[in-house]
Amino acid sequence: MIEQFNPWWKGKEFISEDEDYRKWEESGVKWVPRVIEDISLEPFSLNFIFGPRQVGKTTLLKLIIKRLLDSGVNPKAIFYLRCDYLSDYRELMNALEEYMELREIEGIENSYIFLDEITFPREWFRAIKLYVDMGKFKNDVLILTGSVSMYLKGEIETFPGRRGKGKEIIMYPLSFRDFVGVVAPELYRKIPVVREISKVRECLKLLPWKDELHRLFLLYLRSGGFPRAIKDVLGKGRVSGDTYDTYLSWVRGDIIKFGKSEEVARMIMKTILDKVPSPIGWNTIAREIDIGSHKTVFSYIEFLEKSFILKVLHYFDPNTLEPDFRKEKKVHLIDPFLYELFSRWCLVEKPSEDKIVESVVASHLARKYEVGYWRNGKEVDVVTKSGIGFEVKWKGKVTPSRLRVGKIKEVITLSKDDISTDPLMIPVPIFLACLEV
């Protein structure tokens with residue numbers, strides 16, 4: 001059985017027989033996820049990769065395998081296993097033992113072990129922990145991918161002191177910058193990288209490409225960063241119904257899998273879509289959907305946030321830049337594609353473009369920084385712990401903000417088209433194209 005998952009054992013060129021790699025190779029739209037550079041390939045390493053479903057985690061593994069083969073690694077020192085057909089940790093151990101016997105016969109001393117969808121076998125962590133403690137992986141690199149359950153159940157936290165040089169990596173949908181890299185690689189190579197918010201003025205170097213980036217951003221608002229949706233939009237001009245059905249099925253499946261009510265989740269999501277991006281309290285949602293307890297709302301919001309569907313922004317006290325958990329929260333979906341997806345599910349009209357743009361900015365910044373918001377008559381849509389705020393004004397002819405309050409020392413206005421150097425105002429597409437998150 002395990003030979004079927006590892007066609008390169010017949011020779012490195014046989015990776016072309018792997019279905020996932022073949023689809024990537026033949027795709028008219030393909031990319032190499034940037035997180036491929038972050039994974040530790042030095043023994044001993046226990047790497048975890050998790051994030052939303054359907055963001056390309058399996059394809060990422062196959063691209064790493066291709067790199068290893070091209071670098072001269074013995075094909076039989078590379079073991080890939082799909083774990084979604086295994087029932088429990090015992091079956092996982094049996095598969096691992098089968099491979100260990102093979103590598104002993106082949107005289108292989110160190111291996112690269114890829115365990116895809118590791119969260120499917122019940123109590124999978126028991127097998128991995130046991131073998132790590134026994135020293136069976138001491139010369140190996142392990143890369144484990146999993147769905148939200150790995151994160152929700154805290155299963156990764158059961159490996160203290162057992163990860164070696166391994167990394168814990170969240171794989172998000174493509175950011176706008178990465179999206180540009182896929183659809184306009186020549187333009188992408190001209191874009192400066194802003195790794196620190198304090199260097200954001202460097203974005204203005206992109207002014208000559210403002211119109212092109214604006215066009216690409218409107219495309220991104222339609223597709224978001226999920227690979228299948230991107231391929232649909234680039235190939236057909238729109239996201240297909242089948243794609244919406246596929247993504248919605250995994251959301252609904254996870255809701256049921258974790259013992260949540262699909263109807264309650266739908267009502268909460270409907271309220272969020274109606275209120276975004278205005279601050280809202282859990283008590284308010286509980287009253288609107290008549291479920292009685294704000295604690296129930298909190299449990300669902302927490303589930304949806306850990307499922308990489310939502311991002312909650314807390315109110316930041318401007319004098320301390322610390323969150324005040326008692327105040328109302330802003331709730332954003334993490335990707336523009338999800339607004340259309342959940343609007344269909346909830347049978348409501350999708351929020352207006354300006355509201356979705358604010359969410360895109362907030363969710364991008366939240367990938368890298370601890371962020372919140374501030375509001376007291378006036379408002380700062382996104383505030384970072386460094387004291388830099390962002391006000392999103394997706395409309396024509398706007399005036400840049402000169403707001404300063406407490407430790408919020410600068411507010412950068414992100415516009416639809418307008419530009420200013422003092423105070424600083426940058427078009428949203430230019431800012432996000434420079435932001436590496």
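It should be emphasised that the depicted structure is a prediction, and the values quoted were computed from it without experimental measurement. All chains use their own residue numbering, which begins from 1 and follows the written sequence. Residues qualify for local features only when their pLDDT is at least 70, as the model is predicted, and side-chain atom pairs are given and counted only at 80 or more; totals for whole chains, interfaces and linings, by contrast, use all residues. Only hydrogens and water are set aside when side-chain values are computed; all heavy atoms of the structure are taken into account.

**Examining the overall build of the chain**
Okay, so step 1: The helix and strand inventory of the chain stands at 16 helices and 14 strands.
Okay, so step 2: Taking the principal axes of the C-alpha coordinates as reference, the chain spans close to 70 × 55 × 45 Å.
Okay, so step 3: Categorising residues by exposure relies on relative accessible area from a 1.4 Å probe, with only protein chains included: less than 20% of the type maximum marks a residue as buried, more than 50% marks it as exposed, and the intermediate range marks it as partly exposed. Counting all 437 residues of the chain, 56% fall into the buried class.
Okay, so step 4: Of the contacts made within the chain by residues no fewer than 6 positions apart, 69% connect residues no fewer than 24 positions apart. Helix and strand definitions here come from DSSP, where helices need a minimum of 4 consecutive H or I residues and strands a minimum of 2 consecutive E residues; each element is numbered from the N-terminal end. Whether two residues are in contact is decided by their heavy atoms: any pair within 4.5 Å suffices.

**Topic: the pairing of strand β6 (residues 310–317)**
Okay, so step 1: Here the rule is simple: two strands pair whenever DSSP picks up at least two bridges between them. In terms of strand pairing, β6 meets strand β8 (residues 330–333) through 4 bridges, oriented antiparallel. Paired with L313 across the bridge in β8 is K330.
Okay, so step 2: In this sheet, strand β9 (residues 371–376) lies alongside β6 in parallel orientation, the contact comprising 2 bridges. Across the sheet, residue Y315 finds its bridge partner in β9, namely Y373.
Okay, so step 3: As judged from the 3 bridges shared by β6 and strand β7 (residues 322–324), these two strands associate in the antiparallel manner. Its bridge partner lying in β7, Y315 is registered against D324.
Okay, so step 4: Between the end of β6 and the start of β7, which pair antiparallel, lie 4 residues, with L321 showing a positive phi angle near 55°.

**Here we look at the domain arrangement of the chain**
Okay, so step 1: In this document the domain limits rely on a domain assignment from an automatic tool or a database. By the assigned domains, the chain splits into domain 1 (2–170) and domain 2 (176–434).
Okay, so step 2: Each side of the interface is counted separately: domain 1 has 17 residues, and domain 2 has 18 residues.
Okay, so step 3: Both sides of the domain 1 and domain 2 interface together cover about 1800 Å² of buried area, and 74% of this is carbon and sulfur.
Okay, so step 4: Put simply, a salt bridge is a Lys or Arg side-chain nitrogen that is within 4 Å of an Asp or Glu carboxyl oxygen. The interface formed by domain 1 and domain 2 contains 2 salt bridges.
Okay, so step 5: As a salt-bridge pair, D178 and R34 come within 3.0 Å of each other at their nearest N and O atoms.
Okay, so step 6: Each polar contact in these results corresponds to two N or O atoms within 3.5 Å; when the atoms are within protein, one needs to be able to donate a hydrogen and the other to accept it, and residues that are neighboring in sequence are counted only if both atoms are side-chain atoms. One can count 3 residue pairs in polar contact (both at pLDDT 80 or more) joining domain 1 with domain 2.
Okay, so step 7: At 4 residues, helix α5 (residues 148–152) tops the list of elements feeding residues into the side of domain 1 that touches domain 2. Accessible area that two parts lose when put together, with a 1.4 Å probe and added across both, is what the buried area reports.

**Looking at helix α6 (residues 176–183)**
Okay, so step 1: With 6 of 8 residues buried, α6 lies mostly within the body of the structure.
Okay, so step 2: Next to the buried residues of α6 lie α7 (185–188), α8 (210–223), α9 (227–236), α15 (353–368) and α16 (428–434).

**Brief notes about the environment of R177**
Okay, so step 1: Counting through the fold element by element, R177 comes out in helix α6.
Okay, so step 2: With relative accessibility at 3%, the residue R177 sits in the buried group.
Okay, so step 3: In contact with R177, other than residues within four places in its own chain, are Y188, I191, P192, V193, L432, A433, C434, L435 and E436.
Okay, so step 4: Separated by 3.3 Å, the side chain of R177 and the backbone oxygen of P192 make a polar contact.

**What about the packing of helix α11 (residues 262–275) against helix α12 (residues 282–289)?**
Okay, so step 1: Lines fitted to C-alpha atoms define the axes here, with helix axes fitted over just the stretch in contact, and angles between the N-to-C directions of these axes take values from 0 to 180 degrees. Running from amino to carboxyl end, α11 crosses α12 at an angle of 115°, the nearest separation of the two axes being 10 Å. Crossing of α11 over α12 shows right-handed handedness. Seen from α11, the contacting residues are M267, I268, T271 and K275; seen from α12, they are I285, E288 and I289.
Okay, so step 2: Its residues placed into classes, the contact of α11 with α12 shows 4 nonpolar, 1 polar and 2 charged. Take the far helix as your reference; a near helix turned counterclockwise from it by less than a right angle gives a left-handed crossing, and one turned clockwise gives a right-handed crossing. For this classification, the nonpolar set comprises Ala, Val, Leu, Ile, Met, Phe, Trp, Tyr, Cys and Pro, the charged set comprises Asp, Glu, Lys and Arg, and every other residue, Gly included, is treated as polar.

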